[in-house]
Amino acid sequence: MNLNVLYAFLGGAIVGAGAAILFAPEKGEDLRLRIKELLRRKGLICSDDEIDALVEQLTTEIDD
C-alpha cells in the first residue's frame, strides 16, 4: 500500500515537472535535454525517442 502511494507521488512529481518545463520559454532541443537530465537525476534513464514521445504526450495532454 505505501509503495503505491510513493509511485503515485513520484509519477505526479515527474508529470508536474515535465509540464512546468514545457511552459518555460526554451528551444525544443534545450527542453528535451532538461527533461532527460531531470529523469536521469530521478533514476530514470531514457532514450531520445522516449523523451520525444514523453514530450509529445505531455503536450497533447496539456493542450486538451
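Remember, predicted model here, so these are calculated numbers, not experimental data.

(A) Representation of the overall build of the protein chain in the model. A tally of helices and strands in the protein chain yields three helices and zero strands. Buried positions account for 19% of the 64 residues belonging to the protein chain. Summarising the internal contacts of the protein chain: among those between residues at least 6 apart in sequence, 32% fall at separations of at least 24. Looking at the protein chain as shown, the accessible area adds up to about 4900 Å², and 59% of this sits on carbon and sulfur atoms.

(B) Region of the structure containing a nonpolar patch on the surface. Taken together, Leu3, Leu6, Tyr7, Phe9 and Leu10 make up a surface patch of nonpolar side chains, about 540 Å² in accessible area. Relative to the assigned elements, tyrosine 7 resides in helix α1 (residues 2-22).

(C) Up close: the nonpolar core. Core analysis: the largest hydrophobic core is formed by seven residues, namely Leu22, Leu31, Ile35, Leu39, Ile51, Val55 and Leu58. Taken together, the elements giving at least two residues each to this core come down to α2 (28-41) and α3 (48-63).

(D) Main features of the environment of serine 47. Mapped onto the elements of the fold, serine 47 is located in the loop between α2 and α3. Placed 11 residues apart in sequence, serine 47 and lysine 36 show a C-alpha to C-alpha distance of 8.3 Å.

Parameters at a glance
- Residues numbered from 1 in each chain as written.
- Predicted model: local features only at pLDDT ≥ 70, side-chain atom pairs only at ≥ 80, totals over all residues.
- Heavy atoms only, no water.
- Helix = DSSP H or I, 4+ residues; strand = E, 2+ residues; numbered from the N terminus.
- Buried < 20%, exposed > 50% of the residue type's maximum accessible area, 1.4 Å probe, protein only.
- Contact = heavy atoms within 4.5 Å.
- Areas by Shrake-Rupley, 256 points an atom, 1.4 Å probe, with all protein chains shown as cover.
- Patch = residues over 30% accessible without salt bridge, like charges linked within 9 Å, V, L, I, M, F, W, Y side chains within 5 Å.
- Salt bridge = Lys/Arg side-chain N within 4 Å of Asp/Glu carboxyl O.
- Core = buried A, V, L, I, M, F, W, Y, C linked by side-chain atoms within 4.5 Å.

Geometric values such as these leave the question of function open.
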